[in-house]
Amino acid sequence: MLYYLIRRSVSLLLTLALSTIVIFMVMEIVPGDPALIILGIGATDETIAALRQQMGLDLPLLTRYFQWVSGVLVGDLGTSYTYSVPVSELIAERSIVSLPLAIIALTLSTLIAIPTGILAASKRGQVTDTGIMGLTQLGIAIPNFWFAMLMVYIFAVILQWVPAGGFPGWDQGILAALKSLILPAIALALPQAAILSRVTRSALLEALGEDYIRTARAKGLTRSMVLWRHALRNAMIPVLTIMGLQFAFLLAGTIIIENVFYLPGLGRLIFQAITQRDLIVVESTVVLLVASVILINFLVDITYAWVDPRLQSERG
Amino acid sequence: MSDQSVENSKLVHIERETWRNFARKAMRNRSFTIGAAITLIILAMALISFFWTPFDVTKLEIIKRLKKPDATYIFGTDHFGRDMFSMIMVGSRNSIAVAFVAVAIGLVIGVPLGTLAAARKGFVEEVLMRFNDLVFAFPALLSAVMITAIFGPGAINAIIAIGIFNIPVFARLSRSAAMTIWPREYVMAARVAGKSSARITIEHILPNIANLLIVQATIQFSLGILAEAGLSYVGLGTQPPMPSWGRMLFEAQTMIGFAPHMALFPGIAIILAVLGLNLLGDGMRDLLDPKLRRER
C-alpha cells in the first residue's frame, strides 16, 4: 500500500505540475496584450511599457511562470485587471454561489439515481427496468441548458414560482437564495442523475454475478437479502468513483448553466474573464478547478485501492 | 469446377449466411433499429438541406416573424421571419460535421497512440497515460470554452476543442483493448513468424478491436453534438448567419415568454440526434459483442 501511495503521489504531483504548465502556456499564446487592453488603443507606448513593467509582463517567461505558481501555492492568485481586486477574493465571492449549487445538484442527482438504479437492477429485464433505462437515455440526450430554458418557461414565466434568473445573495435569506438556485441545480443534476443511475444498475448487476453472491444464495439468503447485504456494498465503489468525478465536473458544468440563469458564480466568472481578457482571473480559476479534479481523482483512486487491495498492482 | 472454386463458393455462401443471420438479429434488436432509423432520418435531413429546404433560411421576412407552428410553417418562424423547420434542417449539417470531424480527430490520433502504447509498453505507455491523466483533468467543457474564447469563436475551433477530448478516449480504449489481444495465440504465432509490431497491429490487433472502436465512435459522436450545441449556445461555436441548433436556442432564450416554439424544436432536434446515436451505439454493442450483452 505504501509503495502504491508513493507511486500515485508522484504521478499526482507530475500531473499537477504539467497542468499548470499547460494552463500557463495557453494563456501565453493568447492574442492581445493585456496592458493594451486595459489602457485602450489611445495609450502611448510609454504608458503601455510602464504598465507592462508594473504587471510584470516584461519579465522572462520562466520567471513569470514560477512567480505565478509560487503565488498560487501560498494562496496569492494575483490581482484582477478588470475588477482591481485580488483574484482569491473574487473566487471566494463566486464560490458561495457555485459550491452550494454543485452540492445541491449532486445531492439531487444521488437521491434520484441510486434508488432508480437499484430498482432497475432488481427488476432486471422487466417493464420497470426498461422504463427507467429509457428515461436515463432521454436524460443523457437532453442538453441541460435547454431543459433549464423549459423550466424557466414553466416555473418562472407561467407559474411564477421562482425567479427566471439572477441571485439575490445569501444575506437576503436562505429561502430566497435557494429559490434562485433550485432550477439551475435541477438542470445540472438531470444528466448526472441519468449517468449515475445507469452506473448504479450495471455495477449492481455485475456484483450480483460474482461468486460470493452465489455462495450467499447457496447459504439460503433470498435474492433481495443478497442484493441489500452484499451486492450493494460492492457496487458502491464504482458509484462513488463516478460521484467524485461528477462533483468536479459539476463545478465546470456551471459555465453554461450559470449563463442561462445569470448567476454570479465561478463559471460565469471564467466566462466573463475570458471575454474581457482578464487572463490572471482565467488562469487562477482554471488552475483551481483543474487541481480539484486531479485531487478528487487521486482521493478516489487511493480509497479504491484501500478498499480493494487487488487494484494496487493493476492501477498505475 | 475445380476443388478450389467449390471451396470458395462454399465460403461465400457461409459468409452470406452469417451476414443474413446478423441482419436478422439486427432487425430484432430494438435499440439498434430505432437508433438507426432516427440517425438515418437526421442524416437524410442534412443531405436534403444541401439542395432543398421548404424556405430560404437566408431570407429575412420580418412581416412573418414569430409565427406559431401552422400548416405552412410546421415549426413556426423565428424573430426574423425565417422558417424554423428549414433552419433545423440546415443546422443539422453543422452539428453532424462538427461532431464527425471531432470523432475523426480522436480516432486518427488516439488509436495509433493507444495501439503503440500496447505494443511498446514501458516509457511510451507511461508518457501516454500521463497525457491521458492530464487531458482528463481538464473538464471538457471548461477547456472547450477556453480554447474557443482564446482562438476566437467558430466552427473550426469548436471542432478542435471537442476533438482534443476524443483523443485520450480512443487512446485509452484502444490501448486496453489491444492489450487483451496481444497475449492471444495467433498473435504469438505472428510474432514467432517474425512479423513486426506495426504489421501485427494492422493485421491482427486493429480488426479485433474495430467493433469496440465503432461503438465508442458512435457515443463520442453524440457527445460531440451535445458539446457543439453547448458551445454555439454560449456564442462560441458556429457563427451566424449559418444556422446551428445551439445558436437557435440562444436566440430563443430571450423570447421564451411569447415564442416558446422557438426553443422547443431545436431542443427536440438535439435530443433526437443524441438519442438516436446512443441507441444505435447500444444496439451495435449488443450485436457485435454478445458476451457484453449477457453481462450488462
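Peer 1: Which residues make up the overall build of chain B, and what are the values?
Peer 2: Counting its regular elements, chain B contains eleven helices and zero strands. Each helix and strand of chain B, ordered N terminal to C terminal, gives the series α-α-α-α-α-α-α-α-α-α-α. Among the 296 residues that make up chain B, the fraction classed as buried is 50%. If you take every contact in chain B between residues at least 6 apart in sequence, the share linking residues at least 24 apart comes to 70%. Roughly 14300 Å² of accessible area belongs to chain B as shown, and the carbon and sulfur atoms make up 67% of that amount. Of the charged side chains in chain B, 29 are positive and 20 negative, and the gap between their average positions amounts to 2 Å.

Peer 1: If you had to explain the pattern of salt bridges to someone new, which residues and values would you point to?
Peer 2: Evaluated as defined, the whole model comprises eight salt bridges over all chains. Where R198(A) meets D282(B), a salt bridge forms, and the shortest distance between an N and an O atom there is 3.4 Å. Of the two residues, R198(A) is situated in helix α8 (residues 174-208) and D282(B) in helix α10 (residues 261-288); the pairing between them involves two chains. What makes D282(B) buried here is its relative accessible area of 9%. Across the pair R285(B) and D282(B) runs a salt bridge, and its minimum N-O distance is 2.8 Å. Placement of both R285(B) and D282(B) in helix α10 is noted, with a separation of three residues, approximately one turn of the helix.

Peer 1: Hey, could you go over the layout of surface pockets for me, with residue numbers and the actual values?
Peer 2: Residues and elements named next belong to chain A. By volume, the second largest pocket amounts to about 740 Å³. Lining the second largest pocket are 27 residues; nearest its centre among them are M55, L57, Y81, I280 and E283. The residue makeup of the lining of the second largest pocket, split by class, is 13 nonpolar, nine polar and five charged.

Peer 1: Can you lay out the interface of chain B and chain A for me, pointing to particular residues and giving the numbers?
Peer 2: Taken together, the contacts link 42 residues of chain B with 45 residues of chain A. Buried surface at the junction of chain B and chain A, both sides included, amounts to about 3800 Å², of which 79% is carbon and sulfur. When residues of chain B are sorted by the area they lose upon contact with chain A, R130(B), L142(B) and I150(B) head the list and together hold 15% of the total. Counting the contacts that link chain B with chain A gives one salt bridge. The interface formed by chain B and chain A holds four residue pairs in polar contact (both at pLDDT 80 or more) in total. When contributions to the side of chain B that touches chain A are tallied by element, the ones reaching two or more residues are α4 (122-137), α5 (140-151), α8 (197-233), α9 (245-253), α10 and α11 (290-295) of chain B. Tallying contributions element by element places α10(B) first for the side of chain B that touches chain A, with eleven residues.

Peer 1: Could you give an account of helix α3 (residues 84-120) of chain B, naming the residues involved and the relevant values?
Peer 2: Residues and elements named next belong to chain B. For α3, built from 37 residues, the straight-helix expectation of 54 Å at 1.5 Å per residue is met to within 8% by its first-to-last C-alpha distance of 53 Å. Of all the bends in α3, the greatest reaches close to 30° and is centred on G110; the proline P112 follows between one and four positions later. At the C-terminal side of α3, K121 shows a positive phi close to 55°.

Peer 1: I'd love a proper account of the nonpolar core, names of residues and values included.
Peer 2: In terms of nonpolar packing, the biggest core is built from 133 residues, with V286(A) and W245(B) touching the most fellow members. Sorting elements by how many residues they give to this core places α3(B) first, with 13 residues. Not counting the four nearest positions on each side in its chain, W245(B) is found in contact with I42(B), I88(B), G91(B), S92(B), S95(B), I225(B), P266(B), A269(B), I270(B) and A273(B). By size, the runner-up hydrophobic cluster in this structure holds 21 residues, among which are I114(A), L227(A), A235(A) and V239(A).

Peer 1: Please give an account of the packing of α4(B) against helix α6 (residues 155-181) of chain B that cites residues and values.
Peer 2: Residue and element names in this part refer to chain B. Viewed as axis vectors pointing N to C, α4 and α6 meet at an angle of 140°, and their least axial separation amounts to 10 Å. One element, α4, and the other, α6, form an angle in the oblique class. Along this stretch, α4 crosses α6, giving a crossing that reads as left-handed. Residues E125, L128, M129, F131, N132, D133, V135 and F136 of α4 touch α6, and the partners they reach there are I164, F165, I167, P168, V169, A171, R172, R175 and M179. Its residues assigned to classes, the contact of α4 with α6 shows twelve nonpolar, one polar and four charged.

Peer 1: Tell me about the packing of aromatic side chains, and name the residues and values.
Peer 2: All told, the structure shown has nine aromatic pairs over all chains when counted by the stated rule. Between F155(A) and W161(A), the ring centres sit 5.7 Å apart and the planes meet at 35°, which makes this aromatic pair tilted. The partly exposed category is assigned to F155(A), whose relative accessible area is 27%. Every member of this aromatic cluster is reached through a ring pair, and the members are F24(A), Y65(A), F66(A) and W68(A). The ring of F50(B) is capped by R93(B), whose NZ or CZ atom sits 4.2 Å from the centre of that ring.

Peer 1: Any chance you could break down empty space enclosed by the protein for me, citing the residues and the numbers?
Peer 2: In this approach, a probe sized like a water molecule rolls over the atoms, and the result shows the empty space that is left. Residue and element names in this part refer to chain B. A full pass over the atoms with the stated rule returns one cavity of 30 Å³ or more. In this structure, the largest cavity occupies an estimated 30 Å³ of space. Taken together, D78, M84, M87, M248, E251 and M262 make up the full set of residues lining the largest cavity. Elements represented by at least two residues in the lining of the largest cavity include exactly α3 and α9. Here the lining of the largest cavity is built from residues that sort into four nonpolar, no polar and two charged.

Calculation rules
Residues numbered from 1 in each chain as written. Chains lettered and ligands numbered in written order. Predicted model: local features only at pLDDT ≥ 70, side-chain atom pairs only at ≥ 80, totals over all residues. Heavy atoms only, no water. Helix = DSSP H or I, 4+ residues; strand = E, 2+ residues; numbered from the N terminus. Buried < 20%, exposed > 50% of the residue type's maximum accessible area, 1.4 Å probe, protein only. Contact = heavy atoms within 4.5 Å. Areas by Shrake-Rupley, 256 points an atom, 1.4 Å probe, with all protein chains shown as cover. Lys, Arg positive; Asp, Glu negative; His and termini not counted. Charge placed at Lys NZ, Arg CZ, Asp CG, Glu CD. Salt bridge = Lys/Arg side-chain N within 4 Å of Asp/Glu carboxyl O. 1 Å grid on protein atoms, 1.4 Å probe; cavity = no way out; pocket = protein on both sides within 12 Å on 5 of 7 lines; lining within 4 Å. Points joined across faces, edges and corners; volume = space filled by probe spheres on them. Nonpolar A, V, L, I, M, F, W, Y, C, P; charged D, E, K, R; others polar. Buried area = accessible area lost by both parts, 1.4 Å probe. Polar contact = N/O pair within 3.5 Å; in protein donor to acceptor, adjacent residues only side chain to side chain. Expected span 1.5 Å × (residues − 1). Bend = angle between axes of the 7 residues up to and from the residue. Core = buried A, V, L, I, M, F, W, Y, C linked by side-chain atoms within 4.5 Å. Axes fitted to C-alpha atoms, helices over the stretch in contact; angles between N-to-C directions. Parallel < 35°, antiparallel > 145°, perpendicular 65-115°, else oblique. Left-handed = near helix turned anticlockwise from the far one by under 90°. Phe/Tyr/Trp six-rings, centres within 6.5 Å; stacked < 30°, edge-to-face > 60°. Lys NZ or Arg CZ within 6 Å of the ring centre and 35° of its normal.

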